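Fold and geometry: a report
Residue-level listing of the chains:
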Amino acid sequence: LPGLSERFIYSNDDFFINTPLEPEDFFLPRNNGYVGLYHFTAGNLPLPPKHAGMSKHAQAWMNNIELLGKMFPKHRASPKNYQAHVPVPMFKQRFAEIWENELLLPHLQRTARSKLRTSRDLYLMGFLMYYSVYGRGGQTGRKKTLYLQLRPGMSFKTAATQVVRKNPDMFCLNDSFSGNGKASFVVSVAMTRFLNLM
């Protein structure tokens, strides 16, 4: 991407920031450079063995775990919390580093060739978070996060109440209504009104 900074923030379109943030909430100066501050949700990643019933996304996470265990043996048994659905600090140099790694190269090439996610792919953003924590001094951030998955039949009031009550610094409203245009539109209008009141 022309003009992309060495340090940048990766964010999905369903992430929300609920409080003023500073660069230091994502990047910490250290040794004439910077390390990333990563925010994780509470739930651990699924543990082996993989099985065919897992979603492709879950299998990609499992592939991440297997490779991270080979690269960082002392962290093999460490609990790995799921990547938070919040803005994530990224470094261009990290992408260059992993493409130069002989162990990772075939996995990265296979993932890059996939038009749609397959059971053999990596989930690259999640992999890079742990690569940075285990190998480049990255640390766990301290900001309060919240993940809400809006499902069919879920009360909008319930979702809104959780956001107000927990008052997170950053939160995600994940829309599972993509297959139902009417439901998606109703939730979108209600959530927009709610966010405008915050």
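Above this note sits the structure.
The structure displayed is predicted, hence computed values, not measured ones. (Residues numbered from 1 in each chain as written. Predicted model: local features only at pLDDT ≥ 70, side-chain atom pairs only at ≥ 80, totals over all residues. Heavy atoms only, no water.)

**Some points on the sheet that holds strand E10 (residues 170–175)**
Two pairing modes exist for strands in a sheet, parallel and antiparallel, and in both the strands are linked by backbone hydrogen bonds. Note the following rule: Here, a strand pair is defined by DSSP locating no fewer than two bridges between the strands. Helix and strand assignments follow DSSP, with helices taken as H or I runs no shorter than four residues and strands as E runs no shorter than two, numbered in order from the N terminus. Orientation is described by axes fitted as lines to C-alpha atoms, over the contacting stretch for helices, and by angles from 0 to 180 degrees between their N-to-C directions.
Pairing is mixed in the open sheet, where 3 strands are placed in the order E2-E10-E9. Strands at the two margins of the open sheet, each flanked by one partner only, are strand E2 (15–17) and strand E9 (145–150). Between one strand and the next, the sheet's axes are offset by a mean angle of 20 degrees, whatever the strand orientation. Where E2 lies against E10, 3 bridges are found, and the strand directions are antiparallel. Bridge pairing in E10 places Ile-17 opposite Met-170.

**Some details on the packing of aromatic side chains**
The condition is simple: Between the rings of Phe, Tyr and Trp (Trp by its six-membered ring), a pair exists once the centres lie within 6.5 Å; its type follows the angle of the planes, with under 30 degrees stacked, over 60 edge-to-face, and the other angles tilted. Here's how the labels work: a residue is buried when its accessible area is under 20% of the maximum for its type, exposed when over 50%, partly exposed in between, all with a 1.4 Å probe on protein chains only. Think of it as a cone above the ring: NZ of Lys or CZ of Arg counts as a charge over the ring if it is within 6 Å of the ring centre and within 35 degrees of the ring normal.
Using the criterion set out here, one finds 9 aromatic pairs in the structure. An angle of 65 degrees between the planes, with centres 5.6 Å apart, marks the rings of Phe-72 and Tyr-134 as edge-to-face. Within this pair, whereas Phe-72 is found in the loop between helix H1 (56–71) and strand E6 (81–83), its partner Tyr-134 is found in helix H4 (residues 124–135), the two being separated by 62 residues in sequence. In terms of burial, Phe-72 and Tyr-134 fall into one category: buried. For the pair Tyr-130 and Tyr-134, a centre-to-centre distance of 5.6 Å together with 50 degrees between the ring planes defines the contact as tilted. Within this pair, Tyr-130 and its partner Tyr-134 are both found in helix H4, separated by 4 residues, close to a single helical turn. Across the pair, Tyr-134 and Tyr-130 agree in class, each one buried. Among the aromatic residues, ring-to-ring pairing joins Phe-40, Phe-72, Phe-127, Tyr-130, Tyr-131 and Tyr-134 into one connected group. Positioned over the ring face of Phe-27 is Arg-7, at 5.5 Å from the centre of the ring.

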